[in-house]
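Okay, here's what each chain looks like letter by letter:
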Amino acid sequence: MEKVDRGELAAFLRHRRARLQPVDVGLEAGYRRRTPGLRRQEVAQLAGMSVEYYIRLEQGRGPRPSRQILGALGRALRLSDDERAYLHHLAGESTPRSSAPSRQVRPGVLHLLDRYDSAPALVCDAKYDVLAWNPMAAALLGDLSAVVPADRNVIWRFFTRPGARQRHDPTSAEQFARESVADLRAAAARYPHDAGIRDLVRRLLAASDDFARLWNDHEVRVRRSTHKRLNHPDVGWLDLDCDALHDPERDQWVILYSAAPGTPTHRALQLLKVIGTQRLGASAEPPPQLR
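What counts and what doesn't
Residues numbered from 1 in each chain as written. Predicted model: local features only at pLDDT ≥ 70, side-chain atom pairs only at ≥ 80, totals over all residues. Heavy atoms only, no water. Buried < 20%, exposed > 50% of the residue type's maximum accessible area, 1.4 Å probe, protein only. Helix = DSSP H or I, 4+ residues; strand = E, 2+ residues; numbered from the N terminus. Pairing = 2+ DSSP bridges. Salt bridge = Lys/Arg side-chain N within 4 Å of Asp/Glu carboxyl O. Disulfide = S-S within 2.5 Å. Lys, Arg positive; Asp, Glu negative; His and termini not counted. Contact = heavy atoms within 4.5 Å. pLDDT = per-residue confidence, 0-100. Core = buried A, V, L, I, M, F, W, Y, C linked by side-chain atoms within 4.5 Å. 1 Å grid on protein atoms, 1.4 Å probe; cavity = no way out; pocket = protein on both sides within 12 Å on 5 of 7 lines; lining within 4 Å. Points joined across faces, edges and corners; volume = space filled by probe spheres on them. Axes fitted to C-alpha atoms, helices over the stretch in contact; angles between N-to-C directions.

Draft legend 1. Quick peek at the pairing of strand β5 (residues 252-258). In terms of residue burial, β5 counts as a mostly covered element, since six of its seven residues are buried. Where strand β1 (residues 121-124) lies against β5, four bridges are found, and the strand directions are antiparallel. Bridging from a neighbouring strand, L122 pairs with I255 of β5. Direction of pairing for strand β4 (residues 236-247) relative to β5: antiparallel, over a ladder of seven bridges. Of the residues in β5, the one forming a bridge with L245 is V254. Two successive antiparallel strands, β4 and β5, enclose a turn made up of four residues, where D251 displays a positive phi of approximately 55°.

Following this line, the structure appears as C-alpha cells:
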C-alpha cells in the first residue's frame, strides 16, 4: 500500500463537503447554517460512521481509511467516478502503475501520426508534455521542433504565455483551464513520487494566480474528448472536434483535431495544410510557441 496523503485527503473532503447542500442529499436545510455546505455530522450520518472519526479525517489525523470507508464517503459526498478514484489514490488504496509517466510513444502510434496528415494530431503524457506530433499540429500550434523539450508542456504555456489564452474564445479558454488543472491533479495522485509533476505544479503555482485559484478548488476530472474554438493568425477561427484517445498501459493521450467535411473549418484546415508552419503576411512571430 502507498502512504496516505493526509493533508490533501483532508482538504479534498472539506472542499467536497462545502460543495453540497442538504437538499442535494435529501436532508432538510434547517436554520442557523453559518457556513455553506453540509455539516460534518451530516456527512458522517450519510456515510454511516462516527462524527469523531470523520472529524479526524478532515483534520488529517486518524487511521488509514478502509476501502469500505472510502466507498461510503464517495456515496455520501456524491463523488464522480474520477473523484472516487482520486480519493482512493489519496488514501493509498490504489498503487500507481509506475513511478513516473511514460515518455516512450508506441511505434504504431507514431505511424498513425504519419498517416494522419489531413488534420492536427499529437501525443501528450499524463502531465501534458507533448511527446510527438504531425506536421498539421505544427501548423496549428507552432513549430514544436524549435521548442526545447522541457518547455513543450501545454498547461505551462497556456497559463504562462500571454498569447495562449487569446488563441481560444473565452468559453473554450475557461473550459480548458479548469479541465486541464483538474486532470493534472488526478495525474499527481496517480504518480505521487514523480518529481516532474511536483515541479510543474510548484512552478505553475508560483507563476500563475489563475492556476493557483483553480488548483485550490480541488477539482478532479480525467481528460475527455471535447470541442475547441481556436483562432489561427492566418486562417482565422477554427471550430474543431478534439478527440482524446487513451493508451492506458502508458497513460498517454493521442489528441486528434478534426472538422466535418464541407464546413468552413474543414476548408481552413485544407488551407493550413498548404501553409504549414510558414506565416503569411508581415506579422509573423519570430519565436515559435506552443499555444
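Draft legend 2. Here's a closer look at the pattern of salt bridges. Across all of its chains, the model carries 28 salt bridges by this definition. Residues D199 and R202 are paired through a salt bridge, measuring 2.3 Å at the closest nitrogen-oxygen approach. Residue D199 and its partner R202 are located together in helix α11 (residues 195-207), separated by three residues, close to a single helical turn. With a closest N to O distance of 3.3 Å, D199 and R203 form a salt bridge. One end of the pair, D199, and the other, R203, are both in helix α11, four residues apart, so they sit about a helical turn from each other.

Draft legend 3. Spotlight on the state of the cysteines. A complete count under the given rule lists zero disulfides for this structure. Free of any disulfide, C124 has its nearest cysteine sulfur in C242, 9.2 Å distant. Look at C242 and you get buried, because its relative accessible area is 5%.

Draft legend 4. Structural context of the side chain of D169. Within the secondary structure layout, D169 lies in the loop between α9 (162-166) and α10 (170-190). Lacking a salt bridge, the buried D169 has R229 as its closest oppositely charged neighbour, with an N-O distance of 4.1 Å. Excluding anything up to four places from it in sequence, D169 contacts R229 and W237.

Draft legend 5. Local environment of the confidence of the model for the protein chain. The share of residues in the protein chain with pLDDT of 70 or more is 91%, and the mean pLDDT across the chain is 88. When mean pLDDT is taken per element in the protein chain, helix α12 (residues 209-215) scores highest with 97 and α9 scores lowest with 82. Confidence drops under a pLDDT of 50 for residues 282-291, and excluding neighbours within four residues, the segment shows 21 contacts in the predicted structure.

Draft legend 6. Structural detail: the pairing of β4. Two strands pair when backbone bridges link them, and strand β3 (residues 226-232) and β4 are joined in this way by seven bridges, in the antiparallel orientation. When the sheet's bridge partners are listed, N231 is paired in β4 with W237.

Draft legend 7. Seen up close, unusual backbone geometry. Unusually for a residue other than glycine, Y128 sits at a positive phi of about 75°. Checked against the element boundaries, Y128 lands in the loop between β1 and β2 (130-133). The backbone phi angle of H218 is positive, close to 60°, even though this residue is not glycine. In this structure, H218 sits in the loop between α12 and β3. Taking relative accessible area as the criterion, H218 reaches 7% and is therefore assigned buried.

Draft legend 8. Geometry of the nonpolar core. Residues L122, F159, L184, L204 and F211 are the most contacted members of the largest nonpolar core, which totals 46 residues. Here this core takes six residues from α10, the largest share from any one element. Every residue in contact with F211, bar those within four places of it in the chain, is listed here: I155, F159, V181, L184, V201, L204 and L205.

Draft legend 9. Representation of empty space enclosed by the protein within the structure. All told, the structure shown has one cavity of 30 Å³ or more when counted by the stated rule. Its boundaries defined by the atoms lining it, the largest cavity holds a volume of some 370 Å³. F176, R223, K228, C242 and Y257 are, among the 26 residues lining the largest cavity, the residues nearest its centre. Of all the secondary-structure elements, those providing two or more residues to the lining of the largest cavity are β1, α8 (154-160), α10, β3, β4 and β5. Sort the elements by how many residues they give to the lining of the largest cavity and α10 lands first, with five residues.

Draft legend 10. A look at the sheet that holds β1. The sheet built from five strands is open, its strands ordered β2-β1-β5-β4-β3 with antiparallel pairing. Each having just a single partner strand, β2 and β3 make up the two edges of the open sheet. Ignoring which end each strand starts from, the neighbouring axes of this sheet average 30° apart. Both β1 and β2 contribute to a ladder of three bridges, which runs antiparallel. Looking at β2, one finds that L122 is bridged to W133. With respect to the sheet, helix α6 (residues 107-115) is in contact with β1, β2 and β5, its orientation differing from that of β1 by roughly 155°.

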